Amino acid sequence: MTTDRVGAVDPAEPVMPGGECEREPDPSDSLRTFGAVVQALREHAGLSRAQFGEMVCFSKHTVESVELGRRMPDVSFVERAEEALGNTGALRHSARFLTRGEAGLAAWFRRWAKLERVAVSLCTYECRLVPGLLQSEGYMRALCENDIPPMADEDLEATVQARLERQRLLKERPNTAFDFIVEESVFMRRLGVTEVTRELIDYVLDAVAPRNITLQVMPADSEHHACMAGPIQLLETPDGSWRGYAEGQENGRLIADPKQVSRLHMRYARLRSQALTPKDSRGLLERMRGAL
């Protein structure tokens, strides 16, 4: 399964003996510590996760994810938890020192994910699966459930949460231009039950509705195709420079060489002219949705 799961480039990521990248990073120490404090206070109050979840208006699963350091708690969680657990001030004060972990993001994808957060333009072509930024939760889970070797339940949940967190880019960066080209065959592959595909198409149509987001579908019967070499990702940084990203099984690489990035640009530009227009792409997806 692909890792599309979700300032300046950081230093090189950790490398394990033999040159292999670490597959999955751990949650940050601050998240683990905060979670342990929440769990200790909850247990001291004699509350189960389900009971505590009802008090703070979050699901039992969310409480578990916070306690295990897999999820960054939002302000409402901190405030409600503080009130429910005695107003000691411990949670409010410790929450100020939280830093996001990157559970669920493969090590080789982390540098690209950090560049995405500041990019002024993002271009993505996919021929294998729906890009992570456009995946519905049900589709994410279907991808994880098909991963080989099978993922542990906690790894699956961490991956889903990381992808959902990454998707906040689409709403938090309205001035960033997001451009997607996706093969028609990706939507034809009904991963999971039929309902998963219905929800996926509905989710995609809703996600690409804002005017800064464009989706083009590459028709399956096209006689011409500029990107037969595989998926392409490109982004423009605030200083006007461009980067590319290429990914295969168990690896990925950031591309900074101007000549290589230029070749990717040429292929992507030609593919845009070969794909359906955004309007026709929406019509195709709506027809596919209606046929399910």
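Structure shown above.
Conventions adopted
Residues numbered from 1 in each chain as written. Predicted model: local features only at pLDDT ≥ 70, side-chain atom pairs only at ≥ 80, totals over all residues. Heavy atoms only, no water. Core = buried A, V, L, I, M, F, W, Y, C linked by side-chain atoms within 4.5 Å. Buried < 20%, exposed > 50% of the residue type's maximum accessible area, 1.4 Å probe, protein only. Helix = DSSP H or I, 4+ residues; strand = E, 2+ residues; numbered from the N terminus. Contact = heavy atoms within 4.5 Å. Pairing = 2+ DSSP bridges. Axes fitted to C-alpha atoms, helices over the stretch in contact; angles between N-to-C directions. Phe/Tyr/Trp six-rings, centres within 6.5 Å; stacked < 30°, edge-to-face > 60°.

Asks: If you had to explain the nonpolar core to someone new, which residues and values would you point to?
Replies: Core analysis: the biggest nonpolar cluster contains 36 residues, and Leu134, Tyr139, Phe187, Val204 and Leu285 have the highest contact counts within it. Going through the elements one at a time, helix H6 (110–116), helix H7 (137–145), helix H9 (168–172), strand E2 (177–183), helix H10 (184–188), helix H11 (194–207), strand E3 (213–218) and helix H13 (278–291) are the ones with two or more residues in this core. Sort the elements by how many residues they give to this core and H11 lands first, with six residues. Non-local contacts of phenylalanine 187, meaning those with residues more than four positions away in its chain, are made with Val130, Val182, Thr197, Ile201, Val204, Val217, Leu285 and Met288. In terms of nonpolar packing, the next biggest core, distinct from the first, is built from 15 residues, Leu31, Leu47, Val56 and Leu98 among them.

Asks: How would you sum up the side chain of serine 136? Please name residues and give values.
Replies: Within the secondary structure, serine 136 is located in the loop between strand E1 (121–126) and H7. On the basis of relative accessible area, serine 136 is assigned to the buried category, the value being 5%. Non-local contacts of serine 136, meaning those with residues more than four positions away in its chain, are made with Glu199, Leu200 and Tyr203.

Asks: Just give me the short version of the pairing of strand E4 (residues 232–236), but keep the residues and values in it.
Replies: The buried fraction of E4 amounts to four of the five residues, a majority that puts the element mostly inside the structure. Pairing of E1 with E4 involves five bridges; the strand directions are antiparallel. Across the sheet, residue threonine 124 finds its bridge partner in E4, namely glutamine 233. Once E4 ends, the chain turns through five residues before running back antiparallel as strand E5 (residues 242–248), passing glycine 240 with a positive phi of about 90 degrees.

Asks: I'd like to hear about the sheet that holds E4, residue by residue, with values.
Replies: Hydrogen bonds between backbone atoms are what pair the strands of a sheet, whose relative direction is either parallel or antiparallel. Spatially, E3-E2-E1-E4-E5-E6 is the arrangement adopted by the six strands of the open sheet, whose pairing is mixed. Where the open sheet ends on each side, the last strands, each with one partner, are E3 and strand E6 (251–255). The average angle at which neighbouring strand axes cross in this sheet is 10 degrees, direction not considered. Strand direction decides the pairing type here: E5 and E6, joined by five bridges, are antiparallel. In the strand pairing of E6, glutamate 247 is matched with glycine 252. Across the sheet, helix H12 (residues 258–274) touches E1, E2, E3, E4, E5 and E6, and the angle it forms with E4 is around 110 degrees.

Asks: Run through the packing of aromatic side chains, naming residues and quoting values.
Replies: Working definition: an aromatic ring pair is given by the centre-to-centre distance plus the angle between the planes. For the coordinates displayed, the defined rule picks out three aromatic pairs. On the numbers, 5.4 Å between centres and 25 degrees between planes, the contact of tryptophan 112 with tyrosine 245 is stacked. With tryptophan 112 in helix H6 and tyrosine 245 in strand E5, the pair connects residues that are 133 residues apart, well separated along the chain. Residues tryptophan 112 and tyrosine 245 agree in their burial class; the two are buried. Linked through ring pairs, Phe52, Phe58 and Phe77 together constitute an aromatic cluster.

Asks: If you had to explain the environment of glycine 53 to someone new, which residues and values would you point to?
Replies: Mapped onto the secondary structure, glycine 53 falls in helix H2 (residues 49–56). When the C-alpha positions of glycine 53 and alanine 81 are compared, they lie 9.1 Å apart, and in sequence the two are 28 residues distant. With residues up to four places along the chain from it excluded, the contact list for glycine 53 reads Phe58 and Val63.

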